[in-house]
Amino acid sequence: MPDPNGFLRYDRRLPARRPVPVRISDWREVYPPAGEELIREQATRCMDCGIPFCHDGCPLGNRIPDWNDLVRTGNWDAAVESLHATNNFPEFTGRLCPAPCEAACVLGLGGQQPVTIKQVEVEIADAAVARDGLRPRPASAPTGRSVAVVGSGPAGLAAAQQLARAGHTVTVYERDDAIGGLLRYGIPDFKLEKQHIDRRLAQLTAEGVRFRTGVEVGVDVTAEQLRAEHDAVLLACGALQGRDTPETAGRALRGVHQAMSHLVAANRVVAAAGDGRPALATLPDGTPIDAAGKHVVIIGGGDTAADCLGVAHRQSAAGVHQLDLYPQPPTERDAERDPWPTWPWLLRNYPAHEEGGERVFAVAVQEFVDDGTGQVRAVRIAEVTVEKVDGRRIVTPLPGSEREIPADLVLLAIGFEGTEEQPLLAQFGVTRNGRGAIDSGPDWQAADGVFVAGDMHRGASLIVWAIAEGRAAAAAIHSYLGGVGDLPAPVDPARQPLAAR
């Protein structure tokens with residue numbers, strides 16, 4: 001039985017981050033291991049509520065109170081089993097998910113700090129590696145049916161593992177030169193060291209999943225070929241179409257780039273350098289996109305912007321400004337705006353923010369300023385108010401508030417517009433909807449025998465939703481192929497996060 005007084009005896013604590021001067025000199029993860037004593041203390045804070053709302057906050061339906069109590073009592077092997085029962089890749093979600101489960105923790109209803117669910121998850125996942133090295137679980141017998149998975153991000157990999165364990169032959173197609181999708185080249189190593197991906201890929205390979213890299217479906221392999229070679233196809237290509245601001249004067253200047261271009265270039269040089277100091281990052285055409293010695297302006301206030309901030313620090317930027325269109329959020333939940341257990345609008349300070357840089361709220365870029373040679377030298381900003389009228393966002397600059405911020409490198413981290421337009425869409429007979437995503441029926445099919453999951457279906461979202469959709473789509477594919485029994489399906493295509501109505 002859980003300790004009913006645990007949350008009274010222990011305050012919420014996380015392991016101390018590595019010191020800023022140390023961590024910005026390398027690309028290793030910010031957080032060290034928590035240590036068993038700390039993590040058992042934190043797991044003890046979980047009350048095993050009669051109605052655990054953390055389950056509703058997590059689309060995977062993770063059995064959070066169960067594995068918290070198993071950690072509390074030192075039963076790590078059972079905790080590993082409980083965690084993996086609902087989540088294929090807890091070492092990814094524990095490091096990258098913003099934890100809507102914690103926002104829904106019942107302790108938050110009473111004004112307490114939530115259980116450190118995410119940190120407990122990481123420690124259980126790392127314990128799995130230490131205990132059995134992620135033991136493969138291959139199918140006992142093949143079904144004779146074949147599935148193509150297009151895209152190797154968390155949705156595609158989760159579906160691939162579920163289907164392979166059910167006995168289907170699975171081939172994952174990835175247009176990049178390495179498997180992992182945004183996990184590989186979009187997420188900086190200081191948040192997710194790539195050894196975690198490689199361990200999972202070794203497990204999937206041992207379970208029979210085949211990987212083909214450097215293959216762009218729709219170009220190198222046609223949809224017709226995939227249909228001929230496989231009994232079903234899952235599209236899990238993500239939502240990589242970055243939102244742009246073409247109407248802003250000076251957008252075409254050199255030095256103004258999409259944020260993902262910066263992150264991918266940085267990740268590539270880190271991967272190529274191994275343990276050595278990375279070279280300067282460049283785009284595929286050789287255009288420099290490294291922050292070394294530059295004044296950097298990052299436009300956007302979310303995770304991607306914070307990732308660019310951390311990268312700029314490690315590339316030795318001369319200075320960094322991060323601009324946010326909206327006013328500074330509150331530090332505590334506004335119960336009228338975001339009642340518990342919904343995800344609250346709060347000021348979130350990422351580790352990158354304590355490493356340096358300046359955040360500027362309630363401003364919008366009016367112009368990217370030319371240095372006279374076609375290179376950006378500054379951004380001209382103005383203070384603004386933001387209103388929503390009939391569902392439309394109205395941004396109004398305040399007269400007399402304009403000023404310039406020096407900028408040699410500008411990164412647009414203002415969101416995504418859905419999956420990219422690409423040849424495979426027309427070849428499979430699917431089209432993007434108004435949000436740039438691909439619609440599906442209740443069985444996850446976008447066309448006959450063609451399924452869709454993850455950000456490609458949902459739009460840019462959280463890694464936990466990608467894994468949940470990958471698992472659910474795998475269950476639908478298994479049923480479509482006449483598989484024996486049912487696979488877990490944590491969500492349906494219409495499921496949405498908790499929200500106040």
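Residues numbered from 1 in each chain as written. Predicted model: local features only at pLDDT ≥ 70, side-chain atom pairs only at ≥ 80, totals over all residues. Heavy atoms only, no water.

## Some thoughts on helix α18 (residues 463-480)
Phase 1: With 18 residues, α18 should reach 26 Å at 1.5 Å per residue; the first-to-last C-alpha distance of 25 Å fits that figure.
Phase 2: G482, located one to two residues past α18, shows a positive phi value of around 80°. (Helix = DSSP H or I, 4+ residues; strand = E, 2+ residues; numbered from the N terminus. Expected span 1.5 Å × (residues − 1).)

## Re the side chain of H478
Phase 1: Position of H478 among the secondary structure elements: in helix α18.
Phase 2: Among residues more than four places away in sequence, those in contact with H478 are L163, A166, H168, G483, V484, G485 and L487. (Contact = heavy atoms within 4.5 Å.)

## Brief notes about the sheet that holds strand β15 (residues 450-452)
Phase 1: One open sheet holds the 6 strands; their spatial order is β3-β2-β1-β4-β15-β14, and the pairing between them is mixed. Both edges of this open sheet fall to β3 (210-213) and β14 (445-447), since each of them pairs with a single strand only. The sheet shows a mean angle of 25° between the axes of neighbouring strands, taken without regard to direction.
Phase 2: When β14 meets β15, the two strands line up antiparallel, connected through 2 bridges. In the strand pairing of β15, Q445 is matched with F451. (Pairing = 2+ DSSP bridges. Axes fitted to C-alpha atoms, helices over the stretch in contact; angles between N-to-C directions.)

## Re the pattern of salt bridges
Phase 1: Going through the model one piece at a time under the given rule, you end up with 31 salt bridges.
Phase 2: Note that R23 and E355 form a salt bridge whose closest N and O atoms lie 2.6 Å from each other. One end of the pair, R23, is in helix α2 (residues 20-23); the other, E355, is in the loop between β7 (319-323) and β8 (358-360), and 332 residues separate them in sequence.
Phase 3: Classification of E355 by relative accessible area gives buried; the value is 11%.
Phase 4: Across the pair R268 and D176 runs a salt bridge, and its minimum N-O distance is 2.4 Å. (Salt bridge = Lys/Arg side-chain N within 4 Å of Asp/Glu carboxyl O. Buried < 20%, exposed > 50% of the residue type's maximum accessible area, 1.4 Å probe, protein only.)

## Some details on the state of the cysteines
A covalent bond between the sulfur atoms of two cysteines is referred to as a disulfide.
Phase 1: As enumerated under the stated definition, the model contains 0 disulfides in all.
Phase 2: Between C49, a cysteine without a disulfide, and C46, which holds the nearest cysteine sulfur, the sulfur-to-sulfur distance is 6.3 Å.
Phase 3: C101 provides the cysteine sulfur closest to C58, a residue in no disulfide bond, and the two sulfurs are 6.0 Å apart.
Phase 4: On the basis of relative accessible area, C58 is assigned to the buried category, the value being 5%. (Disulfide = S-S within 2.5 Å.)

## A few points about the nonpolar core
Phase 1: Of all hydrophobic cores here, the largest spans 66 residues; its most connected members are W67, V71, I124, V170, L234 and I477.
Phase 2: The element contributing the most residues to this core is α18, with 10 residues.
Phase 3: Filtering out sequence-adjacent residues up to four positions away, I477 remains in contact with V147, L163, A232, L234 and F451.
Phase 4: Core analysis: the second largest hydrophobic core is formed by 26 residues, V270, V296, A305 and L309 among them. (Core = buried A, V, L, I, M, F, W, Y, C linked by side-chain atoms within 4.5 Å.)

## Here we look at the environment of G57
Phase 1: Looking at the element boundaries, G57 is found in helix α4 (residues 54-57).
Phase 2: Residues G57 and N267, 210 residues apart in the sequence, show an inter-C-alpha distance of 31 Å.
Phase 3: Not counting the four nearest positions on each side in its chain, G57 is found in contact with P100, C101, A104 and L498.

## A look at the packing of aromatic side chains
Phase 1: The final tally for this structure, using the stated rule, is 4 aromatic pairs.
Phase 2: Ring centres of F451 and Y480 lie 5.4 Å apart, and the angle between their planes is 75°; this geometry places the pair in the edge-to-face category. With F451 in strand β15 and Y480 in helix α18, this residue pair connects regions lying 29 residues apart in the sequence.
Phase 3: Note on F451: relative accessible area 1%, which makes it buried.
Phase 4: Above the ring of F190, the side-chain terminus of R314 is found at 4.0 Å from the ring centroid.
Phase 5: R458 extends its terminal NZ or CZ atom over the ring of W465, reaching a point 3.8 Å from the ring centre. (Phe/Tyr/Trp six-rings, centres within 6.5 Å; stacked < 30°, edge-to-face > 60°. Lys NZ or Arg CZ within 6 Å of the ring centre and 35° of its normal.)

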